[in-house]
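Residue-level listing of the chains:
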Amino acid sequence: LDEGQAGSKEKKLGGRNAAVVVCDVMTARKGTPGTCEVTGLPEKCDAKQVWPSFATNPARVGLFSCMLAFDQSAPKPDFDAAVVTGSDVIGLLVRDSSKPGRLTRKDGLERWVAITTTEFAEKTIAKAPLTVDGQYNPQTAEYFSAIEPTIVAE
């Protein structure tokens, strides 16, 4: 993490992971909130070569995600993930509660993550850019208040 950033501290993934999916190029760019560093990888591993290039790749794709929680009375789909077709807003749904190692919540809520289509994200980012004059534009509550209702309604 970038030294001196609010909340900066080392966090390590526990256990053995077959893959780590990163959906935000900002995690690889020094000087932005949430910057991560990948360490402890074998010299000849793909991730060791890819991570630095990910940070400087100008061809990035915008996405938004929204975590939703449902109580026990909500319908229970018979899938853990789905590619959504026919929506201009949502492209992927993932049952967060089904990920390996996730504990069942004491309140019984089931968590899902909705990931937007790139088209929706790009249109949204064009109206409210993530950087202004080369500086990071904080994603405040006001920023998200204009985006969230569309995602939740879909």
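Everything below is about the structure shown above.
The following paragraphs examine the structure supplied in this document.

1. A few points about the side chain of Thr124
- If you trace the backbone, Thr124 turns up in helix H2 (residues 118-127).
- In this structure Thr124 touches Phe64 and Ile147, once residues within four positions along its chain are discounted.

2. As for H2
- Residues of H2 that are buried: Phe120, Ala121, Thr124 and Ile125. Down the axis of H2, the buried set is contained in an arc of 125 degrees. They therefore lie on one face. Exposed residues pointing more than 90 degrees away from the buried face of H2 are listed as Glu119, Lys123, Ala126 and Lys127.
- Where the residues of H2 are buried, they touch strand E4 (110-116), helix H3 (141-145) and helix H4 (148-153).

3. Regarding the pairing of E4
- The buried fraction of E4 is high, at seven of seven residues.
- Neither face of E4 is exposed, since Glu110, Trp112, Ala114 and Thr116 on one face and Arg111, Val113 and Ile115 on the opposite face are all buried.
- Two strands pair when backbone bridges link them, and strand E1 (residues 65-70) and E4 are joined in this way by six bridges, in the antiparallel orientation. Note on E4: the bridge partner recorded for Phe70 is Glu110.
- Sheet topology note: the strand E3 (residues 90-95)/E4 ladder contains five bridges and is antiparallel.

Definitions and limits used
- Residues numbered from 1 in each chain as written.
- Predicted model: local features only at pLDDT ≥ 70, side-chain atom pairs only at ≥ 80, totals over all residues.
- Heavy atoms only, no water.
- Helix = DSSP H or I, 4+ residues; strand = E, 2+ residues; numbered from the N terminus.
- Contact = heavy atoms within 4.5 Å.
- Buried < 20%, exposed > 50% of the residue type's maximum accessible area, 1.4 Å probe, protein only.
- Arc of directions from axis to C-beta.
- Pairing = 2+ DSSP bridges.

So yeah, pure geometry; function would need other evidence.
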